[in-house]
Amino acid sequence: MSFKRILRRQKRIYGDEMPVRDGTKKSLIGAIDDGTKTVRFVIYEAERSEELVSHQLDKTEAQPQEGWYEQDPLEILHNIKMCAENAIDQLAEFGYSKDDIVALGITNQRETTIAWDKFTGEPLHPAISWNDIRTDSTVDAILAKVPDRNKNYLKNISGLPISPYFSALKMRWLKDNIKSVRRASRDKRLLFGTVDSWIVWNLTGGVHGGLHITDVTNASRTLLMNLETLNWDPMLCRLFGIHRESLPQIRSSAEIYGIVKDGSILDGIRISGILGNQQSALVGQNCLQAGQAKNTYRTGCFLLYNTGTRHVQSTHGLLTTVAYKLGPNAPAVYALEGSIAVAGGAMKFLRDNLKLIKDVTQDTEHIAGQVFSTGDVYFVPALNGLYAPYWRKDARGIICGLTAFTTKNHIIRAALEAVCFQTRDILEAMNKDCGMPLSKLHVDGRMTSNDLLMQLQADLTGIPVLRAQSWDMSALGVGVAAGHAVGVWAVERWRHHATPTHTFLPTTTDDDRDARYTKWKMAVQRSLGWASTKKSITMTGQTKRKSSMFQSSDTLTPPDSRKTSWDVDNIKPDIDSIKPATDEGVDSYIEELIQYSARKFSIFVPLKGPKDEHTILDDAEYYMSKKECDYDMCQCCQGKKKIQTDWETIEEIIENDPEIIFDSDDNPIVVEPVKDHLYEPAPLVGTSLKKRMQLEKLPVIFKNICNKLTNTSLT
Ligand SMILES: Nc1ncnc2c1ncn2[C@@H]1O[C@H](COP(=O)(O)OP(=O)(O)O)[C@@H](O)[C@H]1O
Ligand SMILES: O=P(O)(O)OC[C@H](O)CO
């Protein structure tokens, strides 16, 4: 008899005073699972891999511009509370109450970045989602600072390539483009965090002493954490211009961090587990031994391979990431990760944009199953560029191989196959890095309920695919971590607990699947470089910006992803023909030019003079104040410098190419290369900077534009 039927029968007998299912009450663990598109709250009986109760809500995702994805941080908190209340209400049916929940874990979409005010608790901008590519030009600005524009230049330290995907780029973008963020930074009110930090800070009291923390797995996705020290890396913070005091403290993935104190139904429960959702699925799938791997299919798709306590550097486009650290004194365990940006997201694209399906769960498998093949159609869903192993932000989606015979059935099937081919791309890279092909693939995530997808995955990779009993291994993983920290869910025992699975075996020949894979690679080639072709403003539609979920009146015109290809010296726009700021297109063009000129020449123009010492900007402070000592960079620290690597090259680059600097009115100011200032006696303040203006270095075009805008001669 099924568990649900037993429950129904018990309910008839016992009424509201339900006994627990096997007579003895177990400790309960709550898990918050904040994904890109959904929030869930799940409650487990400790040491069981089955969920007891859960509730889920969809999230709103705004797309104010092409390539921009935003979420409302307050909605995330609201939905968590709603889900928790609903799930806790259901506990009575099982003979439990809220008081039986002994610990809470949090698993979350990674990299998504939030900036908020420490004193008011207000988010300063919508959360910038992990898959948002607005930071394209920020990436280019950073790449311009590193030798050979090598996107893998920081991999030895952080495990990650320089890509719009990671939080440091989003933080930098927020500081460069959002006045309120810059002001908060200047006034030391700014807090940055990934979604876990935002949730924990709010749950533990917010402005009344909320904890500003994150765990190693989330921190390892920022591009600011050093994989060796498991702490914020001074050089990386410096390169991206992010103050350490605005970043959360990095903690292990399983320890008692604090108690919920937000007046919600969760009040009083200990928070004792935090894991990024893909790492959490690795724990949930019980892949706790080096050599074990899992693939999670949700909005994106992420294959993680446990490499034990060694952090292995990929030479084939994979990331090195922290898999978990189950306690403050436990060793950190690392993983190689193959990240796929668009998996389930492609199904939503077919539903919402192309309107080929109405309901993802019901239609996808059914419609794709009506044809026996894709009819040689290939769909590369590079909607926001391609992640591993390509890391090409200039790739864009293509559907190719269309004939007069093609129907929507073929396209939907091709979208499913795309998920499988992308997984094969990752497996190929992983095999090359590890030298040992994976002999089976453990899978989870909501998409894995699609049997056709699972069979295609086995057929297109040639290895058995083992589906987890429950699709949400992320919530389970952090449940285990949280239970482990409070001593009710032993990881050691969990390690031997085999997760039941359904197995899909390959039915194709090697030749068959290799031929198909070759065609896929051809399709990928055709998707590359698409976004580097210049588009006109009318084509981008950026002049007519759709409203964002925040009224961000202080957002500067978004930087254009193509700007690094401009040679500003050779740009000779007809300044006189530039109309006043009523025309948004022209206005944004001027702003872009100013921003670009500023970046290229490291020279910043005071539209109004700096006011006083206090007007000095965060970035100026960052480079010139005594905080330099924290980074072993200033003269007094030179002798004691510990880091003996080729970082010196980066230091030089940074010193000669500061980020944009603004005064208190958010006007860019003029500085010489920072290198000259670094060794000046302190204090170096606005007045010194002003004296050192070298306007003759300004390109003519830049001066002309500023004259036009301010009606003030700069020379
Ligand atoms: N049966 C299915 N077949 C194909 N795709 C599915 C199916 N069910 C769900 N999906 C896709 O899987 C994704 C589910 O994501 P979800 O679990 O809500 O995770 P998250 O919010 O963390 O991204 C969605 O993008 C959806 O389009
Ligand atoms: O929303 P998901 O579940 O696809 O997860 C997003 C990832 O954590 C991004 O790195």
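Only a predicted model underlies this, so the values are computations on that prediction, with no experimental measurement involved.

**Q** Would you mind showing me how to read the site of ligand 2 here?
**A** In the vicinity of ligand 2, the contacting residues are Thr36, Gln109, Arg110, Glu111, Trp130, Tyr165, Asn277, Gln278, Arg298, Thr299, Gly300 and Phe302. Between ligand 2 and the protein, one listed contact pairs an oxygen atom with a side-chain N or O atom of Glu111 at 2.6 Å. Side-chain polar atom of Asn277 to an oxygen atom of ligand 2: 2.7 Å apart, as the coordinates give it. Isolated, ligand 2 exposes 310 Å² of accessible area, and the fraction of that covered by the protein chains is 99%. Split by residue class, the shell around ligand 2 holds 3 nonpolar, 6 polar and 3 charged.

**Q** When you look at the layout of surface pockets in this model, what are you seeing that I'm missing?
**A** The probe, sized like a water molecule, is rolled over the atoms to show the empty space still left. Counted as a void, the largest pocket has a volume near 1400 Å³. Around the largest pocket sit 48 residues that line it, and Lys37, Gly344, Gly345, Lys348 and Phe349 are the ones nearest its centre. Among the secondary structure elements, those contributing two or more residues to the lining of the largest pocket are β3 (51-58), β4 (61-62), α11 (344-352) and α12 (360-368). No other element matches the 7 residues that α11 contributes to the lining of the largest pocket.

**Q** I tried to follow the sheet that holds strand β17 (residues 301-308) on my own but got confused; where do I start?
**A** Pairing between the strands of a sheet comes from backbone hydrogen bonds, and it takes one of two forms, parallel or antiparallel. Reading across the sheet, the 7 strands line up as β18-β19-β17-β16-β22-β23-β24 and stay open at both edges, with mixed pairing between neighbours. A single partner strand is all that each edge strand has here, and the edge strands are β18 (319-324) and β24 (501-504). Between one strand axis and the next, the sheet turns through 30 degrees on average, direction left out of account. Taken together, the 3 bridges between strand β22 (residues 441-444) and strand β23 (residues 465-468) define a ladder with parallel strand orientation. Residue Leu441 lies in a different strand from β23, and its bridge partner there is Val465. Each of β16 (293-297), β22, β23 and β24 is contacted by helix α14 (residues 451-461), which is oriented at about 150 degrees to β23, the strand it contacts most.

**Q** Even after reading the chapter, I still don't get the nonpolar core, so can you show me in this structure?
**A** Soluble globular proteins tend to bury their nonpolar side chains together. If you look at the biggest cluster of nonpolar residues, it comprises 141 residues, and the most contacted ones within it are Phe192, Leu224, Phe240, Tyr297, Tyr324, Leu350 and Trp520. If you tally residues by element for this core, the top one is helix α13 (residues 408-434), at 13 residues. If we ignore the near neighbours within four places in the chain, the residues touching Phe240 are Ile142, Leu154, Ala168, Leu169, Arg172, Leu223 and Leu224. Counting residues in hydrophobic clusters, the runner-up holds 37 residues, among them Leu28, Ile80, Ala87 and Val200.

**Q** Would you mind showing me how to read the site of ligand 1 here?
**A** Around ligand 1, the surrounding shell holds 17 residues, and the nearest of these are Lys37, Thr38, Arg298, Thr299 and Gly344. In this structure, Lys37 approaches ligand 1 through a main-chain N or O atom, which is 2.8 Å from an oxygen atom. Taken by itself ligand 1 offers 570 Å² of open surface, and the protein chains cover 97% of this. More than half of the atoms belonging to ligand 1 lie within 2 Å of the grid points that define the largest pocket. Listing elements by their share of the shell around ligand 1, those giving two or more residues are α11 and α12. In terms of residues, the shell around ligand 1 owes the most to one element, α11, which gives 4 residues.

Calculation notes
- Residue positions are given per chain, counting from 1 as you read along its sequence in written order.
- Lettering for chains starts from A, numbering for ligands starts from 1, and both go in the order in which the items are written.
- Since the coordinates come from a predicted model, pLDDT governs what is reported: local features require at least 70, and pairs of side-chain atoms require 80 or more to be given and counted, while whole-chain, interface and lining totals use all residues.
- To obtain the side-chain values, all non-hydrogen atoms of the structure were used and water was disregarded.
- Being near a molecule or strand, for a residue, means having at least one of its heavy atoms within 4 Å of it.
- Under the rule applied, a polar contact is a pair of N or O atoms within 3.5 Å (in protein, one hydrogen donor and one hydrogen acceptor; residues adjacent in sequence only if both atoms are side-chain atoms).
- Accessible surface is estimated by sampling points in the Shrake-Rupley manner with a 1.4 Å probe; for residues, cover comes only from the protein chains shown.
- Residues are grouped as follows: nonpolar covers Ala, Val, Leu, Ile, Met, Phe, Trp, Tyr, Cys and Pro; charged covers Asp, Glu, Lys and Arg; every other residue, Gly included, is treated as polar.
- Every definition here rests on a 1 Å grid over the protein atoms only: cavities are sets of points where a 1.4 Å probe fits but cannot get out, pockets are open sets enclosed by protein on both sides within 12 Å along at least five of seven lines, and lining residues have some atom within 4 Å of a point.
- Grid points are joined across faces, edges and corners, and a volume is the space filled by probe spheres set on the points.
- By the criteria applied, helices consist of DSSP H or I runs no shorter than four residues and strands consist of E runs no shorter than two, each listed in order from the N terminus.
- Two strands pair under a simple rule: DSSP has to find at least two bridges between them.
- Only the stretch in contact is used when fitting a helix axis, every axis being a line fitted to C-alpha atoms; angles between N-to-C directions are given from 0 to 180 degrees.
- Pairs of residues are marked as contacts when any of their non-hydrogen atoms sit within 4.5 Å.
- To form a nonpolar core, buried Ala, Val, Leu, Ile, Met, Phe, Trp, Tyr and Cys residues must be joined to one another through side-chain atoms within 4.5 Å.
- Relative accessibility decides the category of a residue: with a 1.4 Å probe and only protein chains considered, values under 20% of the type maximum give buried, values over 50% give exposed, and everything between is partly exposed.
- Just a note on the criterion: a molecule sits in a pocket or cavity if more than half of its atoms are within 2 Å of the grid points.

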